[in-house]
Amino acid sequence: LDLSKNSLKNLSSTTFKNLFSLIHLNLSSNFIENLPNFLFIDLYALIRLDLSKNSISFLENEIFQNLLNLEYLNIHGNKLKILNDDYFKQLMNLI
C-alpha cells in the first residue's frame, strides 16, 4: 500500500484496522507528526514499513508491537530526538 506523497498529516489508531495481510506500507514524504499507539496493531504480516521524510518527533513505546515479521523500517528524515531501545525490542527480523 503506497500512501507516499499524499500530504497526510494525521492518522487515527484505526486507519489500518483489519489489514492483516498487508506486507508493504509506504507512508513516506507526508506531513505526519505523530503515530497513535496501536496504529499498526493488526499488521501482523507487514514486512516493509517506510515512515521516512515526515515530521514525526515522538514514538509511543509500543508503536511497533505485533510487527513480528518486519524486515525493513525506514524512519530517516523525521524530527525524532530520542530513540528508545524498547521501540525495537520485538523487531527480531529487521535486516
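Described in the following lines is the structure provided in the data block. Because the structure is a prediction, the values reported are computed rather than measured.

Procedures and definitions
Residues numbered from 1 in each chain as written. Predicted model: local features only at pLDDT ≥ 70, side-chain atom pairs only at ≥ 80, totals over all residues. Heavy atoms only, no water. Helix = DSSP H or I, 4+ residues; strand = E, 2+ residues; numbered from the N terminus. Rg over C-alpha atoms; globule rule 2.2 N^0.38 Å. Buried < 20%, exposed > 50% of the residue type's maximum accessible area, 1.4 Å probe, protein only. Contact = heavy atoms within 4.5 Å. Areas by Shrake-Rupley, 256 points an atom, 1.4 Å probe, with all protein chains shown as cover. Lys, Arg positive; Asp, Glu negative; His and termini not counted. Charge placed at Lys NZ, Arg CZ, Asp CG, Glu CD. Salt bridge = Lys/Arg side-chain N within 4 Å of Asp/Glu carboxyl O. Core = buried A, V, L, I, M, F, W, Y, C linked by side-chain atoms within 4.5 Å. Polar contact = N/O pair within 3.5 Å; in protein donor to acceptor, adjacent residues only side chain to side chain. Phe/Tyr/Trp six-rings, centres within 6.5 Å; stacked < 30°, edge-to-face > 60°.

It is worth spelling out the overall build of the protein at this point. In terms of helices and strands, the protein carries zero helices and three strands. N-terminal to C-terminal, the α/β element order of the protein is β-β-β. Its C-alpha atoms give the protein a radius of gyration of 12 Å, within 12% of the compact-globule value 12 Å for 95 residues. Taken along the three principal axes of its C-alpha coordinates, the protein extends 25 × 25 × 20 Å. Buried residues in the protein amount to 35% of all 95 residues. Once local pairs closer than 6 in sequence are excluded, the contacts in the protein between residues at least 24 apart make up 52%. Of the roughly 5700 Å² of accessible surface on the protein, a fraction of 51% belongs to carbon and sulfur atoms. The protein carries 8 positive and 9 negative side-chain charges, and their two centres are separated by 8 Å.

It is worth spelling out the pattern of salt bridges at this point. Pairs can form between side chains of opposite charge whenever their charged atoms are close. Enumeration according to the criterion identifies one salt bridge in this entry. In this structure, E33 and K9 form a salt bridge, with 3.8 Å as the shortest nitrogen-oxygen distance. Residue E33 is located in the loop between β1 (24-26) and β2 (48-50), and its partner K9 is located in the segment before β1; the two are separated by 24 residues in the primary sequence. A relative accessible area of 39% means that E33 is categorised as partly exposed. Judged by its relative accessible area of 43%, K9 falls in the partly exposed class.

Glancing now at the nonpolar core. Within the largest apolar cluster, 23 residues are counted, with the highest numbers of intra-cluster contacts made by L25, L35, F40, L49, L51, F64 and L67. When residues no more than four places from it in sequence are discounted, the contact partners of F40 are F16, L25, L27, L35, L49, L51, I63, F64, Q65 and L67.

Within the secondary structure layout, N30 lies in the loop between β1 and β2. For N30, a relative accessible area of 4% gives the class buried. At 3.1 Å, the side chain of N30 and the backbone oxygen of L3 are in polar contact. What N30 contacts, discounting residues up to four positions off in sequence, is L3, S4, K5, N6, S7, L8, K53 and N54.

Taken as a whole and judged by the stated rule, the model has four aromatic pairs. Between F40 and F64 the ring centres are 6.5 Å apart and the planes differ by 5°, which places this aromatic pair in the stacked class. With F40 in the loop between β1 and β2 and F64 in the loop between β2 and β3 (72-74), the pair connects residues that are 24 residues apart, well separated along the chain. Given a relative accessible area of 0%, F40 falls into the buried group. Of the residues examined, F64 reaches a relative accessible area of 2% and is grouped as buried. For the pair F64 and F88, a centre-to-centre distance of 6.2 Å together with 20° between the ring planes defines the contact as stacked. You can see F64 sitting in the loop between β2 and β3 and its partner F88 sitting in the segment after β3, a full 24 residues away along the chain. Exposure remark for F88: the relative accessible area of 26% places this residue in the partly exposed category.

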